[in-house]
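# Structural overview
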Amino acid sequence: MSLEKLKNRDVSVDDYINIFEDEYPKTSWEQFKQVLRRSVKGELFKGLGIVLNIMRQALFKGEMQTVQYPAEKLPISPRYRAVHKLLALLESGENRCIGCGLCEKICIADCIRMDTRIDENSRKEVLEYTINMGRCIFCGYCAEVCPELAIVHGGRYENASEQRAHFALKEDLLTPLDKLKEQKEYSGFGAISPDADEKIKKTPLSY
């Protein structure tokens with residue numbers, strides 16, 4: 001196609017195919033004949049056959065086509081951005097967060113609040129870390145910018161509540177000590193290597 005033909009905005013010169021639909025029935029007799037004509041073609045019986053086949057699979061074979069929510073849930077993509085999770089260190093069981101504040105700075109919804117202090121070992125300690133789920137838009141910037149891979153998006157998407165105070169979560173984000181073995185690791189900077197079980201050692205440092 002030439003540049004002149006591409007720039008041409010006059011659609012009337014192009015060869016269009018005009019499709020003329022059948023006239024709609026105006027009387028009851030014409031409507032009856034239209035229904036009868038379409039029924040004879042077999043479209044109605046073909047659709048009924050599909051429905052009866054699905055009913056037969058559900059009643060006699062137990063193959064349900066619907067998900068019985070909330071008892072059953074569809075699988076979620078690993079890249080799905082749901083409620084945040086704060087991961088812990090496998091060596092000491094402490095939180096990976098080092099209190100750098102990058103997630104708080106980059107948050108475009110201004111929903112992350114962090115309170116830190118310098119402990120007796122001259123290390124930064126995170127005292128409070130909250131996310132206002134009522135404001136969060138789940139953009140994923142906080143997880144992208146975290147240098148320690150401490151905050152990630154989990155798969156828990158059911159966070160409805162009747163009060164706004166319930167949308168500021170902290171303890172629910174932390175990985176419990178007794179569930180560190182079930183902690184899901186994410187690929188990226190700060191993630192453990194596949195042979196971490198052979199290399200891991202108990203560290204004397206208190207993170």
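Rules used throughout
- Numbering of residues starts from 1 in each chain and follows the order in which that chain's sequence is written.
- Totals for whole chains, interfaces and linings use all residues, but because this is a predicted model, local features are given only for residues with pLDDT of at least 70 and pairs of side-chain atoms are given and counted only at 80 or more.
- The side-chain quantities take in all heavy atoms of the structure and omit both hydrogens and water.
- UniProt positions are given in the numbering used here, feature names are shortened, and annotations may be inferred rather than shown by experiment.
- Nonpolar core, defined: a set of buried Ala, Val, Leu, Ile, Met, Phe, Trp, Tyr and Cys residues in which side-chain atoms within 4.5 Å join the residues together.
- Note on exposure labels: buried denotes an accessible area under 20% of the residue type's maximum, exposed denotes more than 50%, and partly exposed covers the range between, all computed with a 1.4 Å probe on protein chains only.
- Here a strand is any run of E in DSSP of at least two residues, a helix any run of H or I of at least four, and the numbering for each starts at the N terminus.
- It only takes one pair of heavy atoms within 4.5 Å for two residues to be counted as in contact.

Per an unreviewed UniProt entry, the recorded name for the chain is NADH-quinone oxidoreductase subunit I, and the organism is Halarcobacter bivalviorum. Looking at the Subunit (unreviewed entry) heading of the UniProt record, one finds this comment for the chain: "NDH-1 is composed of 14 different subunits. Subunits NuoA, H, J, K, L, M, N constitute the membrane sector of the complex."

Ranked by size, the top nonpolar core spans 18 residues in total, and within it Cys103, Cys111, Ile112, Tyr129, Ile131 and Ile151 carry the most contacts. Secondary structure elements with two or more residues in this core: strand 2 (112-118) and strand 3 (124-132). Leaving out residues up to four positions away in the same chain, Ile112 has contacts with Cys103, Glu104, Cys107, Tyr129, Thr130, Ile131 and Cys142.

Glancing now at the UniProt feature "binding site: [4Fe-4S] cluster 2" (unreviewed entry) in the chain. Within this numbering scheme, the UniProt entry marks Cys107, Cys136, Cys139 and Cys142 as carrying the feature "binding site: [4Fe-4S] cluster 2" (unreviewed entry). In terms of the greatest pairwise C-alpha distance, the residues named above, spread along 36 residues, form a tight cluster of at most 10.8 Å across. By secondary structure assignment, the location of Cys136 is in the loop between strand 3 and helix 5 (141-145). Those residues in contact with Cys136 that lie beyond four places of it in its chain are His84, Ala109 and Cys111. With respect to the element layout, Cys142 can be found in helix 5. Non-local contacts of Cys142, meaning those with residues more than four positions away in its chain, are made with His84, Cys103, Ile106, Ile112, Ile151 and His153.

Turning our attention to the side chain of Gln57. Tracing the backbone shows Gln57 in helix 3 (residues 43-60). Setting aside residues no more than four positions away along its own chain, Gln57 makes contact with Gly62, Glu63 and Gln65.

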